[in-house]
Amino acid sequence: MSKKPPSTKNAPNYAYDARRATINARLDGGEQLALYRVMVRIRRFEERCLRAYQQGKIGGFLHLYIGQESLAAGCCSVMDRKTDHIITAYRDHGHAIGVGMSMNELMAENFGKYTGCSKGKGGSMHYFDPTRNFWGGHGIVGGQIPLGLGLAYALKYRGIKGACMAFMGDGAVNQGAVHESYNLAALWDLPVVFIIENNGYSMGTSQERSSAGPSLAQRAEGYGMNWDIADNGHDVYEVRDKVDRALRLARDESKPSILEIRTYRYRGHSVADPDSTYREKAEIEEYKRTKDPIMALQNSLVVERVLTDELIKKIDAAARAEAETSALFAEQSPFPTPEDIKKDVYWEVDNPADRKSVGSLFFD
Amino acid sequence: MPVITYREALRHAMAEELDRDPNVVIMGEEIGQFHGAYKVTEGLLAKYGPKRIVDTPISEAAFIGLGVGASMLGLRPVIELMFFSFYSVAFDQIFNNAANMRYMSGGLVHCPLVIRGPANGGTNVGATHSHTPESIAAYHPGIKVVVPSTPADAKGLLKSAIRDNDPVMFMENTILYGETGEVPDGEHLVPLGLARVIREGTHLSIIGHGRAIQMAVKAAAILEEKHNIRAEVVDLRSIRPLDEETVLASVRKTNRVLLVEEAKPFCSVSAMLACIIQEKAFDHLDAPIRRVTSVDSPAIYSPPLEKIQLPSVDRIRAAALETLK
């Protein structure tokens, strides 16, 4: 049924082999294993999150990234950790682990605990770690894109040779603020890479029912901006190669671009969704069977003799144990106190010695 | 002390902060080459160049969001809204992103940016361009709201706002842009959250902000001259933070209160003030708290009717007399 968008610039090029791209050809076994390990850790973390959610330990929404792990792992692996920045929407667990945040602080955040990365004030959708250049974790579809533009703007203004990866889902592309951001990025040559994680469905609405035009990335042409599509988003090598090209364009030439990465999520938009009204189970099973990103990398690493059955089990067991430990840590951590409700609202209130204003800031 | 306009005072504040801090960048529609729709930024582009003075396309959501993002990485964007009314186009960026960023990140991030521009009626531009959203902005914890009514305050408050580490919404007034007053040269800071007793009095307290409080000053002169009534006039200057102490001290002194503002009456700043006063100074009140606001309807275009819809010196005078009955 699905009307697949027309082929992209790269798709007809059957000679293209992402594994042989410069950024991937130089990977040693240890680096390949690190990529694999991150993807396994994201999945095991989220599976543990799902159990905690079903046990009532996690409130609100839980937007799982399962099936999309190659995107966050691939993109974060090519970041320059000092000068590149990253911002994303609410499906943010993969990116947080990708930049190196610990499962403990993430799970604790999901549990609403004070030891969470945002002290239990943000929840699953609002992870932050500025020390790792990770600027959230944002709840409103497309609302983070102007912020990513601003991060890129600040880099350019301050003469820092870095770039910002601004992630969004395929549902965000129809928000006005996203288009305004495309225009400003192109108009001012800002070093930003707009990354569309296209999993085919904006919540329960398929791309063909929501987005006009031949492809989501091609809308860049209206703004005279570069664009590309990673058709095989399950292939972490392809993700790395395409993102690396876009990042270099941003860093070296201060040119923005849109990169659409085709992917698939196995779970509902959020765990609370029925996930049975808009797609067939067979579609999910087919993707899992043929394009699971972890299996894809695992199979190639086994062929390359980087992975062995024994190592696969070891990495998996370690990831499960790490996730289990994080749940225990979250469980045993304290909740924020009632006093914490009014902290972290105003910088001035949190830094009373440096307060310049006077008067009341709260009214209860 | 030099006498300059409210408009020039704002410009001086921005120029001084541009000189002082290389991270300050001024941004907005028509602010550079066009010299500003209301000429507030006139001459800044020539002096500071296009890196510091940035003309934007008409994309409020994108350039305000950009300002929020840039502030997270250490810039201090000062963003002009040609009319403050256009804030609603960027509501999500201001009130979901700027206001909540610090909170949702558990204090890891803060957003030192200023959004400034005229928020007033009275110029026959109709409902879409005449919003006075002080209470809507101040409703959001994380946001600060400032409303200067004199040239000196325009300068002193804007300089403080630019140095503030929290997001500040700075609401000016096109009708006040041409008003003149004494303004100190060079460093002049008015702290946010400090009200000013413009005129001392004993019979009642007229409390408010913006152009309405300047009308109250004129009404107070008439009350004294024609009715032998000495009204105290308190200019809030800042809505959040709010100087409750100065307000309550005045109420305890005069025991009668008239609140004035240009905004609509429902859920407004004066409604909040009335709540605070009855809660904290109930025993000092000798009469019900009265209010003068705009007539509760979208801003009307028809010039003579708009005058009637908005607060006026005469309405304030009449309401003061009612309060003293």
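Residues numbered from 1 in each chain as written. Chains lettered and ligands numbered in written order. Predicted model: local features only at pLDDT ≥ 70, side-chain atom pairs only at ≥ 80, totals over all residues. Heavy atoms only, no water.

## Thoughts on the overall build of chain B
At step 1: When helices and strands are counted, chain B shows 12 helices and 14 strands.
At step 2: Here the C-alpha atoms of chain B give a radius of gyration of 19 Å, agreeing with the 20 Å that 2.2 N^0.38 yields for 325 residues.
At step 3: Here the C-alpha coordinates of chain B stretch approximately 60 × 40 × 40 Å along the principal axes.
At step 4: Looking at chain B as a whole, 61% of its 325 residues are labelled buried.
At step 5: Of all intrachain contacts in chain B linking residues separated by at least 6 positions in sequence, the fraction that spans at least 24 positions is 80%.
At step 6: Total accessible area on chain B stands at roughly 11600 Å², and carbon and sulfur atoms take up 56% of it. (Helix = DSSP H or I, 4+ residues; strand = E, 2+ residues; numbered from the N terminus. Rg over C-alpha atoms; globule rule 2.2 N^0.38 Å. Buried < 20%, exposed > 50% of the residue type's maximum accessible area, 1.4 Å probe, protein only. Contact = heavy atoms within 4.5 Å. Areas by Shrake-Rupley, 256 points an atom, 1.4 Å probe, with all protein chains shown as cover.)

## Things to note about the overall build of chain A
At step 1: When helices and strands are tallied, chain A shows 13 helices and 7 strands.
At step 2: Radius of gyration (C-alpha) of chain A: 21 Å, near the 21 Å computed for a compact globule of 364 residues.
At step 3: With respect to the principal axes defined by its C-alpha atoms, chain A has extents near 65 × 50 × 45 Å.
At step 4: Residue burial in chain A is summarised as follows: out of 364 residues, 58% are buried.
At step 5: Restricting the contact set of chain A to residue pairs at least 6 apart, pairs at least 24 apart contribute 72%.
At step 6: If you sum the accessible surface of chain A, you get close to 15100 Å²; carbon and sulfur atoms cover 52% of it.
At step 7: Here chain A carries 47 positive and 48 negative side-chain charges, and the mean point of each set is 1 Å from the other. (Lys, Arg positive; Asp, Glu negative; His and termini not counted. Charge placed at Lys NZ, Arg CZ, Asp CG, Glu CD.)

## Quick word on the sheet that holds strand β1 (residues 85-87) of chain A
Sheet strands pair via backbone hydrogen bonds, and the direction of the pair is either parallel or antiparallel.
All names here are of chain A.
At step 1: Pairing is parallel in the open sheet, where 5 strands are placed in the order β1-β2-β3-β7-β6. Every interior strand has two partners, whereas the edge strands, β1 and β6 (226-230), have only one. The average angle at which neighbouring strand axes cross in this sheet is 20°, direction not considered.
At step 2: Sheet strands in contact with helix α7 (residues 176-187) are β2 (164-169), β3 (192-198) and β7 (257-262), and its direction is about 145° off that of β3.
At step 3: Against the sheet, helix α9 (residues 236-253) engages β2, β3, β6 and β7, with an angle of about 170° to β7. (Pairing = 2+ DSSP bridges. Axes fitted to C-alpha atoms, helices over the stretch in contact; angles between N-to-C directions.)

## Notes on the domain arrangement of chain B
Residue and element names in this part refer to chain B.
At step 1: Annotation of chain B at the domain level lists domain 1 (3-182) and domain 2 (196-323).
At step 2: Relative to domain 2, the C-alpha centre of domain 1 lies at a distance of 26 Å.
At step 3: Taken over both partners, the interface formed by domain 1 and domain 2 buries close to 2000 Å², and the fraction arising from carbon and sulfur atoms is 53%.
At step 4: Area buried by domain 1 at its contact with domain 2 is led by Asn124, Val147 and Ser149, which between them contribute 24% of it.
At step 5: Summed over the shared surface of domain 1 and domain 2, the number is 1 salt bridge.
At step 6: The salt bridge partner of Asp153 is Arg237, with a shortest N-O separation of 2.8 Å.
At step 7: Connecting domain 1 to domain 2 are 13 residue pairs in polar contact (both at pLDDT 80 or more).
At step 8: Along the lines of polarity and charge, the residues of the side of domain 1 that touches domain 2 split into 12 nonpolar, 13 polar and 3 charged. (Domains from an automatic or database assignment. Buried area = accessible area lost by both parts, 1.4 Å probe. Salt bridge = Lys/Arg side-chain N within 4 Å of Asp/Glu carboxyl O. Polar contact = N/O pair within 3.5 Å; in protein donor to acceptor, adjacent residues only side chain to side chain. Nonpolar A, V, L, I, M, F, W, Y, C, P; charged D, E, K, R; others polar.)

## Quick look at the interface of chain B and chain A
At step 1: Facing the 59 residues of chain B at the interface are 50 residues of chain A.
At step 2: Counting the surface lost from both chain B and chain A, the interface buries some 4200 Å², and carbon and sulfur atoms represent 66% of this.
At step 3: Summed over the three residues of chain B that lose the most area to chain A, namely B:Leu73, B:Tyr103 and B:Met104, the buried surface amounts to 18% of that side.
At step 4: If you look at where chain B meets chain A, you find 2 salt bridges.
At step 5: Residues A:Glu348 and B:Lys144 are paired through a salt bridge, measuring 2.8 Å at the closest nitrogen-oxygen approach.
At step 6: Mapped by element, the contributors of at least two residues to the side of chain B that touches chain A are β2 (24-28), β3 (53-55), α3 (60-72), α4 (91-98), α5 (101-104), β12 (238-240) and α10 (269-281) of chain B.
At step 7: The element contributing the most residues to the side of chain B that touches chain A is α3(B), with 10 residues.

## Concerning empty space enclosed by the protein
To find leftover empty space, one rolls a probe the size of a water molecule over the atoms.
All names here are of chain B.
At step 1: Going through the model one piece at a time under the given rule, you end up with 3 cavities of 30 Å³ or more.
At step 2: Taken together, 15 residues make up the lining of the largest cavity; nearest its centre are Ala119, Glu134, Val147, Gly210 and Arg211.
At step 3: The set of elements that each furnish at least two residues to the lining of the largest cavity consists of β7 (168-172) and α8 (210-227).
At step 4: It is α8 that provides the largest number of residues to the lining of the largest cavity, a total of 3 residues.
At step 5: By volume, the second largest cavity is sized at about 70 Å³.
At step 6: Around the second largest cavity, the lining residues are Gly121, Ser130, Thr132, Glu262, Lys264, Ser294, Ala299, Glu306, Gln309 and Leu310.
At step 7: Class assignment of the residues belonging to the lining of the second largest cavity gives a composition of 2 nonpolar, 5 polar and 3 charged.
At step 8: Among the domains, domain 1 (3-182) and domain 2 (196-323) are the pair contributing at least three residues each to the lining of the second largest cavity. (1 Å grid on protein atoms, 1.4 Å probe; cavity = no way out; pocket = protein on both sides within 12 Å on 5 of 7 lines; lining within 4 Å. Points joined across faces, edges and corners; volume = space filled by probe spheres on them.)

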